[in-house]
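Examining the three-dimensional arrangement
These are the residues of each chain, in order.
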Amino acid sequence: MFFKTIAVRCSILMLLVVSGVASAASRMVIDVVEVGLSKNTNRVFIKGDQTAEGTSCEDGKVYSMLLEGPEAYLFYSAALTAMNEGRKMRVQYEQDACINGAAKVDVFWNL
């Protein structure tokens, strides 16, 4: 069991390293201004107070995540909490990947 746990952790670490090498990512600390969910565009999105640096996306103040799994609802909840409590949020996004003109979020957490 011990070796299986280590093997799983190593696999996850390798996946993170490989995915980090595959695309350029940036991080921003933002104040959340708006939070939304759209079934029409199949995404959760937040609007921040600052423009995302280094992105090729049209709307630099909007950060999105596709509604493909439970993490999208966690993103919505974390952003709503940050907005309501006046806390900042850190988002990591792909510079060259956009969802409906907004930066695609890979990692997020509240500060």
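Please refer to the structure placed before this passage.
Heads up: these notes are all about the structure in this document. (Residues numbered from 1 in each chain as written. Predicted model: local features only at pLDDT ≥ 70, side-chain atom pairs only at ≥ 80, totals over all residues. Heavy atoms only, no water.)

Turning our attention to the overall build of the chain. Secondary structure summary: the chain contains two helices and five strands in total. Secondary structure elements of the chain, listed N to C terminal, follow the sequence α-β-β-β-α-β-β. Taking the intrachain contacts of the chain between residues at least 6 apart in sequence as the baseline, contacts between residues at least 24 apart amount to 54%. Accessible area for the chain stands at about 6,900 Å²; split by element, carbon and sulfur atoms hold 57% of it. (Helix = DSSP H or I, 4+ residues; strand = E, 2+ residues; numbered from the N terminus. Contact = heavy atoms within 4.5 Å. Areas by Shrake-Rupley, 256 points an atom, 1.4 Å probe, with all protein chains shown as cover.)

Turning to the state of the cysteines, a few remarks are in order. Put plainly, a disulfide is one covalent bond tying together the sulfur atoms of two cysteines. Considering all chains together, one arrives at one disulfide under this definition. Each disulfide pairs two cysteine sulfurs, and for Cys57 the partner residue is Cys98, the sulfurs being separated by 2.0 Å. The sign of the S-S torsion, about -100 degrees, decides the handedness of the disulfide formed by Cys57 and Cys98: left-handed. You can see Cys57 sitting in the loop between strand S2 (43-48) and strand S3 (62-66) and its partner Cys98 sitting in strand S4 (residues 88-99), a full 41 residues away along the chain. (Disulfide = S-S within 2.5 Å.)

Another aspect to go through is the nonpolar core. In this structure, Ile46, Tyr63, Phe75, Met89 and Val91 are the most contacted members of the largest nonpolar core, which totals 21 residues. At the level of elements, strand S1 (25-38), S2, S3, helix H2 (70-85), S4 and strand S5 (102-110) are the ones that each hand at least two residues to this core. For this core, the element with the highest residue contribution is H2, accounting for five residues. Aside from chain neighbours lying at most four places away, what touches Ile46 is Ile30, Val32, Glu34, Val35, Lys61, Val62, Tyr63, Phe75, Ala79, Met89 and Val91. (Core = buried A, V, L, I, M, F, W, Y, C linked by side-chain atoms within 4.5 Å. Buried < 20%, exposed > 50% of the residue type's maximum accessible area, 1.4 Å probe, protein only.)

What follows covers the pairing of S2. Note that S1 and S2 share six bridges and pair antiparallel. Paired with Val32 across the strands is Gly48, a residue of S2. In sequence, S1 turns back onto S2 through a hairpin of four residues, with Asn42 there showing a positive phi of about 60 degrees. (Pairing = 2+ DSSP bridges.)

Once that is clear, we can look at the sheet that holds S5. Taken together, the five strands give a closed barrel; going around it, the order is S1-S2-S3-S5-S4, and neighbouring strands pair in mixed fashion. Taken over all neighbouring pairs, the strand axes of this sheet differ in orientation by 55 degrees on average, direction set aside. The strands touched by H2 within the sheet are S1, S2, S3, S4 and S5, with S1 carrying the most contacts at an inclination of about 90 degrees. (Axes fitted to C-alpha atoms, helices over the stretch in contact; angles between N-to-C directions.)

Attention shifts here to the pattern of salt bridges. Counted according to the given criterion, the structure contains three salt bridges. Here Lys88 and Asp31 are joined by a salt bridge, their closest N and O atoms 3.0 Å apart. Placement of Lys88 in strand S4 and of Asp31 in strand S1 is noted, with a sequence separation of 57 residues between them. Note on Lys88: relative accessible area 36%, which makes it partly exposed. When its relative accessible area of 26% is taken as the criterion, Asp31 is described as partly exposed. (Salt bridge = Lys/Arg side-chain N within 4 Å of Asp/Glu carboxyl O.)

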